[in-house]
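Working through the structure, step by step
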Amino acid sequence: MDIFMLYVLPALVGVGIGILSGLLGIGGGTVMVPIFRLAFDMSPVMSTATSLFTIIPTSVSGAVSHIRHKTCIPSLGIAAGLGGAITSPLGVWLAQISPAWMIMLAAALIIGWSAFKMLSKAFKMKNASPVAAESLQAAAIQVETAPDKSVDSATASATTTTTTTASGGPAGPSPSSKLTRKQLLVGAAIGLVAGVASGYVGVGGGFIMVPMMLSLVGISMRQASGTSLIAVMILAVPGVIEQALLGNINYAAGIAIAIGSIPGAVVGARLVRVVPERMLRFIFGCFLLLAAALLVLNEFGILS
């Protein structure tokens, strides 16, 4: 029974997270934090620390794929990652001195926001034109939190290949084009903000970086998704090292979930074309809302 709880169950959970990630592009942290806290009964600090630890291999895998397909801007990702690497230990330190309920409340707010974004995307898909709806349903790379892949990459791909977009915005620079020094400095500043959130709550930080990269740097959604993953795999490292030195990481659960998520992501990516994404977004969005509510209720002892 101990072997099942320590290794088999986390691996199975990882497969489920991987499938959802492949189908919807959701960030693993929004799922792992409530699962570690509610299902595995980890402390708030251990839940966020183990989630942050597990995010690194996931983000590395995703970043390599984006680099290979040239759907990211590595220089911007590195700049944001280095900025976040400076402040993620600060987030870890804040988590150490914060009351447990405050950490979980922050996590619940982020998870709730991710649920809102996922449900709003589902409602937009309903009202989209047939061509747009088809493009939206084919999309599976939206990072709703960190390493987490919070933007719909396939949607952006369909958007950037047309002459006009729904928002009328630019397609963004090509991956091979060089950004200005000012844009790279803005990217580093974005990373500074994301690093604190990542270290504190145990998520990748994509929920902060993606919209800021879109509005402040001026890159496309497709590029922002892959670029944020490059940043996450860098900025999470100092926070994980600090959590490891503090003894807050459950390595067995983290490694088992990471191992399970790899084949799960492959399966999820293959299911994108056959599973209705809109229905999945509704179901999973409701699940995230429920998880956020349960986190709050649990921390205040209402479930006891």
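**Some words on the overall build of the protein**
The helix and strand inventory of the protein stands at 12 helices and 0 strands. Secondary structure elements of the protein, listed N to C terminal, follow the sequence α-α-α-α-α-α-α-α-α-α-α-α. Per-residue burial over the protein gives 49% buried out of 304 residues. For the protein, restricting intrachain contacts to residue pairs at least 6 apart in sequence, the fraction spanning at least 24 positions comes to 82%. Surface exposure of the protein reaches about 13300 Å², of which carbon and sulfur atoms provide 71%.

**What about the side chain of Asn248?**
Mapped onto the elements, Asn248 comes out in the loop between helix H10 (221–245) and helix H11 (251–271). Look at Asn248 and you get buried, because its relative accessible area is 13%. Polar contacts involving the side chain of Asn248 include one to the side chain of Gln96, which spans 2.8 Å. A distance of 2.7 Å separates polar atoms of two side chains, one belonging to Asn248 and the other to Gln243. Apart from residues lying up to four places away in sequence, Asn248 is in contact with Val45, Met46, Ala49, Thr50, Gln96 and Gln243.

**Comments concerning the environment of Ser65**
Relative to the helices and strands, Ser65 is located in helix H3 (residues 44–68). Each C-alpha atom, one on Ser65 and one on Gly226, is 8.5 Å from the other, the two residues being 161 residues apart in sequence.

**Some words on the confidence of the model for the protein**
Within the protein, residue pLDDT values average 78, and 77% of them lie at 70 or more. Across the protein, the element-wise mean pLDDT spans from 40 in helix H7 (residues 153–160) up to 94 in helix H4 (residues 74–97). Residue range residues 128–170 is modelled with pLDDT below 50. Its contacts to residues more than four positions away, or to other chains, number 125 contacts.

**Comments concerning the pattern of salt bridges**
Counted according to the given criterion, the structure contains 1 salt bridge. Residues Arg37 and Glu299 are paired through a salt bridge, measuring 2.6 Å at the closest nitrogen-oxygen approach. Of this pair, Arg37 sits in helix H2 (residues 28–39) while Glu299 is found in helix H12 (residues 277–299), placing the two residues 262 residues apart along the sequence. The exposure classification of Arg37 matches that of Glu299, with both residues buried.

**Here we look at the side chain of Ser51**
Tracing the chain through its elements places Ser51 in helix H3. Apart from residues lying up to four places away in sequence, Ser51 is in contact with Gly29, Met32, Val33, Phe36 and Gly202.

Definitions and limits used
- All residue numbers refer to positions counted from 1 along the written sequence of the respective chain.
- Local features are withheld for residues below a pLDDT of 70 in this predicted model, meaning they are given only at 70 or higher, and side-chain atom pairs are given and counted only at 80 or more; totals for whole chains, interfaces and linings count all residues.
- Side-chain figures throughout are based on the complete set of non-hydrogen atoms in the structure, without hydrogens or water.
- Numbered from the N terminus, helices here are DSSP runs of H or I no shorter than four residues, and strands are runs of E no shorter than two.
- The classification of residues rests on relative accessible area computed with a 1.4 Å probe and restricted to protein chains. Under 20% of the type maximum is buried, over 50% is exposed, and intermediate values are partly exposed.
- We call two residues in contact whenever any of their non-hydrogen atoms come within 4.5 Å of each other.
- All accessible areas in this document rest on Shrake-Rupley with a 1.4 Å probe, and a residue is counted as covered only by the protein chains that are shown.
- Polar contacts, as used here, are pairs of N or O atoms within 3.5 Å; protein pairs need one atom able to donate a hydrogen and one able to accept it. Residues neighboring in sequence count only if both atoms are side-chain atoms.
- What pLDDT expresses is the predictor's confidence in each residue, scored from 0 to 100.
- We define a salt bridge as a contact between a side-chain nitrogen of Lys or Arg and a carboxyl oxygen of Asp or Glu at a distance within 4 Å.

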